[in-house]
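# A look at the structure
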Amino acid sequence: MSYVFTPAATTSVPVVGKDERFPVRRVYCVGRNYEEHAKEMGFTGREAPFFFLKPADAVVVVNAGETGTVPYPSLTKNYHHEIELVVAIGTGGKNIKAADAQKHIFGYAVGLDMTRRDLQGEMKKQGRPWCIGKAFDASAPIGPITPAAQAGDVNNAEIWLQVNGQDRQRSNVSKLIWNVAETIEHLSAAWELQPGDLIYSGTPEGVAAVVAGDTMVGEVAGLGKLTVKVAAA
Ligand code: MN
(Lines give C-alpha, C1' and ligand atoms only; values in the text may rest on other atoms or scores of the structure.)
Protein backbone atom coordinates (compact mmCIF):
# COMPACT_ATOMS: atom_id res chain seq x y z
CA MET A 1 0.00 0.00 0.00
CA SER A 2 1.27 3.44 -0.83
CA TYR A 3 -0.39 6.82 -0.51
CA VAL A 4 -0.17 9.95 -2.61
CA PHE A 5 1.03 11.70 0.54
CA THR A 6 1.88 10.62 4.08
CA PRO A 7 -1.32 9.97 6.06
CA ALA A 8 -1.90 12.09 9.15
CA ALA A 9 -0.63 10.55 12.38
CA THR A 10 -3.17 8.99 14.74
CA THR A 11 -3.96 11.28 17.67
CA SER A 12 -3.17 9.46 20.91
CA VAL A 13 -3.44 10.27 24.60
CA PRO A 14 -1.07 9.05 27.35
CA VAL A 15 -2.46 6.57 29.87
CA VAL A 16 -1.62 6.94 33.55
CA GLY A 17 0.66 4.08 34.66
CA LYS A 18 1.21 2.63 31.18
CA ASP A 19 3.70 3.08 28.36
CA GLU A 20 1.01 2.36 25.76
CA ARG A 21 -1.08 5.28 24.56
CA PHE A 22 -4.83 5.49 23.84
CA PRO A 23 -5.41 6.01 20.09
CA VAL A 24 -8.32 8.35 19.41
CA ARG A 25 -10.96 7.39 16.84
CA ARG A 26 -13.84 9.83 17.32
CA VAL A 27 -14.67 12.63 19.73
CA TYR A 28 -18.33 12.74 20.74
CA CYS A 29 -19.68 15.57 22.89
CA VAL A 30 -22.91 15.86 24.86
CA GLY A 31 -24.76 19.19 24.77
CA ARG A 32 -26.35 20.87 27.83
CA ASN A 33 -25.90 17.99 30.29
CA TYR A 34 -25.90 19.93 33.59
CA GLU A 35 -29.13 21.64 34.61
CA GLU A 36 -27.56 24.92 35.73
CA HIS A 37 -25.59 25.14 32.46
CA ALA A 38 -28.74 24.37 30.43
CA LYS A 39 -30.40 27.27 32.28
CA GLU A 40 -27.56 29.68 31.60
CA MET A 41 -27.89 28.75 27.90
CA GLY A 42 -31.63 29.52 28.07
CA PHE A 43 -33.10 26.03 28.40
CA THR A 44 -34.86 24.12 31.18
CA GLY A 45 -36.05 20.60 31.78
CA ARG A 46 -34.71 17.12 31.10
CA GLU A 47 -34.74 16.72 27.35
CA ALA A 48 -33.19 13.68 25.68
CA PRO A 49 -29.43 14.09 25.36
CA PHE A 50 -28.07 15.37 22.06
CA PHE A 51 -24.64 14.98 20.56
CA PHE A 52 -22.13 16.66 18.31
CA LEU A 53 -18.65 15.64 17.20
CA LYS A 54 -15.21 17.14 16.99
CA PRO A 55 -12.53 15.79 14.67
CA ALA A 56 -9.95 13.55 16.39
CA ASP A 57 -7.17 15.90 15.30
CA ALA A 58 -8.82 18.75 17.26
CA VAL A 59 -7.57 17.00 20.41
CA VAL A 60 -4.70 18.84 22.14
CA VAL A 61 -2.86 16.40 24.39
CA VAL A 62 -1.47 17.85 27.61
CA ASN A 63 0.93 15.59 29.50
CA ALA A 64 0.73 15.26 33.28
CA GLY A 65 2.31 18.24 35.02
CA GLU A 66 2.73 20.20 31.80
CA THR A 67 0.97 23.32 30.52
CA GLY A 68 -0.70 22.88 27.16
CA THR A 69 -1.23 25.70 24.70
CA VAL A 70 -4.15 26.55 22.45
CA PRO A 71 -4.01 29.41 19.96
CA TYR A 72 -6.77 32.00 20.25
CA PRO A 73 -8.95 30.80 17.34
CA SER A 74 -9.88 32.77 14.25
CA LEU A 75 -13.26 34.44 13.57
CA THR A 76 -14.43 34.68 17.19
CA LYS A 77 -14.68 37.43 19.78
CA ASN A 78 -16.21 35.14 22.41
CA TYR A 79 -14.01 32.09 23.00
CA HIS A 80 -15.44 30.02 25.89
CA HIS A 81 -14.12 27.33 28.21
CA GLU A 82 -16.21 24.26 29.10
CA ILE A 83 -14.57 21.93 31.63
CA GLU A 84 -15.75 18.34 31.19
CA LEU A 85 -15.31 14.76 32.34
CA VAL A 86 -14.15 12.76 29.32
CA VAL A 87 -15.01 9.07 29.01
CA ALA A 88 -12.63 6.89 26.98
CA ILE A 89 -14.21 3.85 25.33
CA GLY A 90 -12.16 0.65 25.34
CA THR A 91 -14.73 -1.85 24.08
CA GLY A 92 -17.16 -0.92 21.33
CA GLY A 93 -20.79 -1.79 20.91
CA LYS A 94 -24.20 -0.62 19.82
CA ASN A 95 -27.43 -0.43 21.81
CA ILE A 96 -25.44 -0.71 25.03
CA LYS A 97 -27.71 -0.65 28.08
CA ALA A 98 -26.78 1.72 30.89
CA ALA A 99 -26.43 -1.27 33.22
CA ASP A 100 -23.75 -2.71 30.91
CA ALA A 101 -21.97 0.57 30.11
CA GLN A 102 -19.20 0.24 32.68
CA LYS A 103 -17.49 -2.65 30.91
CA HIS A 104 -17.14 -0.57 27.74
CA ILE A 105 -15.23 2.19 29.56
CA PHE A 106 -11.43 2.11 29.36
CA GLY A 107 -10.89 5.16 31.53
CA TYR A 108 -11.52 8.82 32.19
CA ALA A 109 -9.78 12.14 31.63
CA VAL A 110 -10.27 15.86 32.16
CA GLY A 111 -11.06 17.77 28.99
CA LEU A 112 -12.00 21.22 27.72
CA ASP A 113 -14.73 21.62 25.09
CA MET A 114 -13.49 24.97 23.79
CA THR A 115 -16.22 26.88 21.99
CA ARG A 116 -16.50 29.86 19.65
CA ARG A 117 -19.71 30.88 21.43
CA ASP A 118 -20.58 33.76 19.13
CA LEU A 119 -20.35 31.54 16.05
CA GLN A 120 -22.25 28.71 17.75
CA GLY A 121 -24.98 31.19 18.71
CA GLU A 122 -25.21 32.52 15.17
CA MET A 123 -25.50 28.98 13.75
CA LYS A 124 -28.19 28.10 16.32
CA LYS A 125 -30.17 31.19 15.36
CA GLN A 126 -29.98 30.24 11.69
CA GLY A 127 -30.68 26.54 12.31
CA ARG A 128 -27.29 25.61 10.84
CA PRO A 129 -24.73 23.01 12.06
CA TRP A 130 -22.56 23.92 15.05
CA CYS A 131 -19.28 22.77 13.47
CA ILE A 132 -17.74 26.22 13.14
CA GLY A 133 -18.52 26.95 16.79
CA LYS A 134 -17.44 23.61 18.23
CA ALA A 135 -15.32 21.51 15.89
CA PHE A 136 -12.49 23.89 15.06
CA ASP A 137 -8.76 23.14 15.29
CA ALA A 138 -7.36 22.67 18.81
CA SER A 139 -10.85 22.79 20.32
CA ALA A 140 -10.48 19.69 22.50
CA PRO A 141 -7.64 19.84 25.06
CA ILE A 142 -7.35 16.71 27.20
CA GLY A 143 -5.13 15.42 30.00
CA PRO A 144 -3.89 11.84 30.48
CA ILE A 145 -6.44 9.03 30.66
CA THR A 146 -6.73 7.29 34.03
CA PRO A 147 -7.82 3.63 33.70
CA ALA A 148 -11.31 3.11 35.14
CA ALA A 149 -10.13 0.85 37.96
CA GLN A 150 -7.81 3.62 39.26
CA ALA A 151 -10.12 6.56 38.70
CA GLY A 152 -12.13 6.39 41.92
CA ASP A 153 -15.78 7.42 42.01
CA VAL A 154 -15.84 9.75 39.02
CA ASN A 155 -19.64 9.83 39.05
CA ASN A 156 -19.49 11.76 42.32
CA ALA A 157 -16.31 13.74 41.71
CA GLU A 158 -15.94 17.48 42.05
CA ILE A 159 -15.36 19.27 38.73
CA TRP A 160 -13.98 22.79 38.56
CA LEU A 161 -12.14 25.30 36.40
CA GLN A 162 -10.18 28.40 37.31
CA VAL A 163 -8.94 31.09 34.95
CA ASN A 164 -5.86 32.99 36.17
CA GLY A 165 -6.51 31.57 39.65
CA GLN A 166 -10.16 32.71 39.84
CA ASP A 167 -13.05 30.25 40.08
CA ARG A 168 -15.19 30.10 36.94
CA GLN A 169 -16.86 26.68 37.09
CA ARG A 170 -17.40 24.47 40.16
CA SER A 171 -19.85 21.60 40.39
CA ASN A 172 -20.00 17.84 40.80
CA VAL A 173 -20.27 15.10 38.17
CA SER A 174 -23.25 13.76 40.17
CA LYS A 175 -25.20 16.73 38.76
CA LEU A 176 -25.07 15.43 35.19
CA ILE A 177 -28.62 15.33 33.77
CA TRP A 178 -27.69 12.13 31.90
CA ASN A 179 -24.98 10.26 33.79
CA VAL A 180 -22.12 8.50 32.04
CA ALA A 181 -23.91 5.14 31.77
CA GLU A 182 -27.12 6.71 30.46
CA THR A 183 -25.13 8.81 28.00
CA ILE A 184 -23.48 5.66 26.63
CA GLU A 185 -26.90 4.05 26.27
CA HIS A 186 -28.24 6.98 24.25
CA LEU A 187 -25.07 7.52 22.22
CA SER A 188 -24.66 3.85 21.28
CA ALA A 189 -28.24 3.75 20.03
CA ALA A 190 -27.30 6.37 17.45
CA TRP A 191 -23.73 5.31 16.58
CA GLU A 192 -21.86 2.04 17.08
CA LEU A 193 -19.16 2.90 19.57
CA GLN A 194 -15.63 1.67 18.90
CA PRO A 195 -12.45 1.43 20.94
CA GLY A 196 -10.74 4.82 20.85
CA ASP A 197 -13.89 6.89 21.04
CA LEU A 198 -13.87 9.78 23.51
CA ILE A 199 -17.05 11.22 25.00
CA TYR A 200 -16.96 14.77 26.39
CA SER A 201 -19.84 14.41 28.83
CA GLY A 202 -20.96 18.03 29.17
CA THR A 203 -20.06 21.07 31.22
CA PRO A 204 -21.48 22.60 34.39
CA GLU A 205 -22.52 26.24 34.73
CA GLY A 206 -20.07 29.13 34.66
CA VAL A 207 -18.92 29.01 31.04
CA ALA A 208 -17.28 32.28 30.05
CA ALA A 209 -14.72 33.83 27.74
CA VAL A 210 -10.95 33.59 27.83
CA VAL A 211 -8.47 35.78 25.97
CA ALA A 212 -4.86 35.45 24.86
CA GLY A 213 -2.58 35.22 27.89
CA ASP A 214 -5.16 33.53 30.15
CA THR A 215 -4.29 30.28 31.90
CA MET A 216 -7.04 27.74 32.56
CA VAL A 217 -6.61 25.10 35.27
CA GLY A 218 -9.32 22.47 35.63
CA GLU A 219 -9.82 19.22 37.43
CA VAL A 220 -12.15 16.31 37.90
CA ALA A 221 -11.21 14.98 41.33
CA GLY A 222 -9.14 11.83 41.01
CA LEU A 223 -8.06 12.46 37.41
CA GLY A 224 -5.40 15.12 37.89
CA LYS A 225 -5.32 18.74 36.82
CA LEU A 226 -5.44 20.02 33.25
CA THR A 227 -3.57 23.29 32.61
CA VAL A 228 -3.93 25.12 29.30
CA LYS A 229 -2.71 28.56 28.31
CA VAL A 230 -4.33 30.63 25.57
CA ALA A 231 -1.70 31.92 23.16
CA ALA A 232 -2.06 34.79 20.73
CA ALA A 233 -3.69 33.88 17.39
MN1 MN B 1 -19.56 20.97 26.09
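Just above sits the structure.
The rules we used
- Residues numbered from 1 in each chain as written.
- Predicted model: local features only at pLDDT ≥ 70, side-chain atom pairs only at ≥ 80, totals over all residues.
- Heavy atoms only, no water.
- Pairing = 2+ DSSP bridges.
- Helix = DSSP H or I, 4+ residues; strand = E, 2+ residues; numbered from the N terminus.
- Axes fitted to C-alpha atoms, helices over the stretch in contact; angles between N-to-C directions.
- Core = buried A, V, L, I, M, F, W, Y, C linked by side-chain atoms within 4.5 Å.
- Buried < 20%, exposed > 50% of the residue type's maximum accessible area, 1.4 Å probe, protein only.
- Contact = heavy atoms within 4.5 Å.
- Donors = N, O, S within 2.8 Å, 3.2 Å for Na, K, Ca; no water.

The next thing to look at is the sheet that holds strand 17 (residues 225-231). In spatial order, the strands read 6-17-16-13-14; together these five strands make up an open sheet with mixed pairing. Of all strands in the sheet, those bounded by a partner on one side alone are strand 6 (67-71) and strand 14 (166-172). Averaged over all adjacent pairs, the angle separating strand axes in this sheet is 20°, with direction ignored. The pairing of strand 13 (residues 158-163) with strand 16 (residues 215-220) spans five bridges and is antiparallel. When the bridges of strand 16 are listed, Leu-161 appears paired with Gly-218.

Residues Ile-184 and Met-216 are the most contacted members of the largest nonpolar core, which totals 42 residues. Listing elements by their share of this core, those giving two or more residues are strand 3 (27-30), strand 8 (83-89), strand 9 (105-112), strand 13, helix 4 (180-190), strand 16 and strand 17. If sequence neighbours within four positions are ignored, Met-216 has contacts with His-81, Leu-112, Met-114, Leu-161, Gln-162, Val-163, Val-210, Leu-226, Thr-227, Val-228 and Val-230.

For the manganese ion, every protein donor is listed as Glu-82 (OE), Glu-84 (OE) and Asp-113 (OD), and the spread of their distances is 2.0 to 2.1 Å. In primary sequence terms, the donor set of the manganese ion follows E-x1-E-x28-D. We classify Glu-82 as buried; its relative accessible area is 3%.

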